[in-house]
Amino acid sequence: MMKENIFLIGFMGAGKSSVARALVEQLHCPLVEMDEQIVKEQGMSINEIFEKYGEDRFREIESQLILALGSRQASVISCGGGVVVRPENTEYMKKSGRIVYLQASPQTVYDRVKNSNDRPILKGHMNVEYIAQLMEKRRALYEAAAELTVVTDGKSTKEIAGEIIGRLEENNEVQL
Ligand code: S3P
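Keep in mind the model is a prediction, meaning the values are calculated, not measured.

### Regarding the site of the ligand
So, point 1. Neighbouring residues of the ligand: 13 residues in total, closest K16, D35, R59, R119 and R138.
So, point 2. One of the side-chain N or O atoms of R59 is found 2.7 Å from an oxygen atom in the ligand.
So, point 3. For the ligand, an oxygen atom lies 2.7 Å from a polar atom in the side chain of R138.
So, point 4. Given that more than half its atoms are within 2 Å of the pocket grid, the ligand belongs to the largest pocket.
So, point 5. Residue composition of the shell around the ligand, by class: five nonpolar, three polar and five charged.

### A word on the packing of helix α6 (residues 106-113) against helix α7 (residues 128-145)
So, point 1. Running from N to C, α6 and α7 point in directions that differ by 120°, and their axes come no closer than 9 Å. Looking at the two axes, α6 sits oblique to α7. Considering how the two elements wind past one another, α6 and α7 form a crossing that is right-handed. Only V128, I131, A132 and M135 of α7 make contact with α6, whose side of the interface consists of P106, Q107, V109, Y110 and V113.
So, point 2. For the contact of α6 with α7, a count of residues per class yields eight nonpolar, one polar and no charged.

### Examining the pairing of strand β4 (residues 97-103)
So, point 1. Among the seven residues that make up β4, seven are buried, leaving the element largely enclosed by the rest of the structure.
So, point 2. In terms of strand pairing, strand β1 (residues 5-9) meets β4 through five bridges, oriented parallel. Across the sheet, N5 pairs through a bridge with G97, a residue of β4.
So, point 3. Strand direction decides the pairing type here: β4 and strand β5 (residues 148-151), joined by four bridges, are parallel. Directly across from L102, in β5, lies its bridge partner V150.

### With respect to the sheet that holds strand β2 (residues 31-33)
Think of a sheet as strands paired side by side through backbone hydrogen bonds, with each pair either parallel or antiparallel.
So, point 1. Here five strands make up an open sheet; going across it, the order is β2-β3-β1-β4-β5 and the pairing parallel. The open sheet has two edge strands, β2 and β5, and neither has a second partner. Along the sheet, successive strands turn relative to each other by an average axial angle of 20°, direction set aside.

Definitions and cut-offs
- Along each chain, numbering runs from 1 in the same order as the chain's sequence is written.
- At least 70 in pLDDT is required for a residue's local features to be given in this predicted model, at least 80 for side-chain atom pairs to be given and counted, and no such filter applies to totals for whole chains, interfaces and linings, which use all residues.
- The basis for the side-chain values is all heavy atoms of the structure; hydrogens and waters are excluded.
- Any residue with a non-hydrogen atom lying within 4 Å of a molecule or strand is treated as near it.
- Polar contacts, as used here, are pairs of N or O atoms within 3.5 Å; protein pairs need one atom able to donate a hydrogen and one able to accept it. Residues neighboring in sequence count only if both atoms are side-chain atoms.
- Definitions used for this entry: grid spacing 1 Å over protein atoms alone; cavity, a set of points where a 1.4 Å probe fits but cannot get out; pocket, an open set with protein on both sides within 12 Å along at least 5 of 7 lines; lining residue, one with an atom within 4 Å of a point.
- Here the criterion for a molecule occupying a pocket or cavity is that more than half of its atoms lie within 2 Å of the pocket grid points.
- Asp, Glu, Lys and Arg are counted as charged, while Ala, Val, Leu, Ile, Met, Phe, Trp, Tyr, Cys and Pro are counted as nonpolar; the rest, among them Gly, fall into the polar class.
- In this description, a line fitted to the C-alpha atoms serves as the axis of each element, helices being fitted only across the stretch in contact, and the angle between N-to-C directions of two axes falls anywhere from 0 to 180 degrees.
- Here a strand is any run of E in DSSP of at least two residues, a helix any run of H or I of at least four, and the numbering for each starts at the N terminus.
- Each angle gets one of four labels, with under 35 degrees taken as roughly parallel, over 145 as roughly antiparallel, 65 to 115 as roughly perpendicular, and the rest as oblique.
- Handedness of a helix crossing follows the sense of rotation of the near helix relative to the far helix, less than a right angle counterclockwise being left-handed and clockwise being right-handed.
- By the convention used here, residues are in contact when the closest approach between their heavy atoms is within 4.5 Å.
- Partly exposed residues are those whose accessible area sits between 20% and 50% of the maximum for their type, while under 20% is buried and over 50% is exposed, using a 1.4 Å probe and protein chains only.
- Here a strand pair is declared whenever DSSP counts at least two bridges between the two strands.

Here's what the structure looks like:
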């Protein structure tokens, strides 16, 4: 039984989506993949939203979705990597659940996203240096939001999910 939402935050390629899938298998609760939900609701890809309306509009849509999640059954929510750039999103997540930060090194992120074409933020900047710079800019925001931090470098999805459940169980946030 899960008492509250579990929000997975972290940089692109930190493993949020795959870890979220592993968590719902074990916790038997609904899964919300924020980017997928946005694509479904807007009827266009994340790239198209950025190209047509710009990043600010995407951030508004993202914030609206975060707010709308409050009325649902407790779920595992895989957030977009930039969700922490709006303080109101972090505030809201803190109120409605536990925030777990998946941390990965710039090299790990690069290895995981280098062939991806659907990350407009990295368009034209697909290299370790740029990833490291952007990660550094966001680091304080992820850290301030996080209740739990899990380093993901070199670990399997299963291991990471197990570590999260174990640590949340210690705090009596989940019961299996
Ligand atoms: C973004 C991360 C993406 C997606 C959008 C913006 C970011 O999500 O929301 O492209 O600003 O870091 P993933 O972290 O799932 O790739």
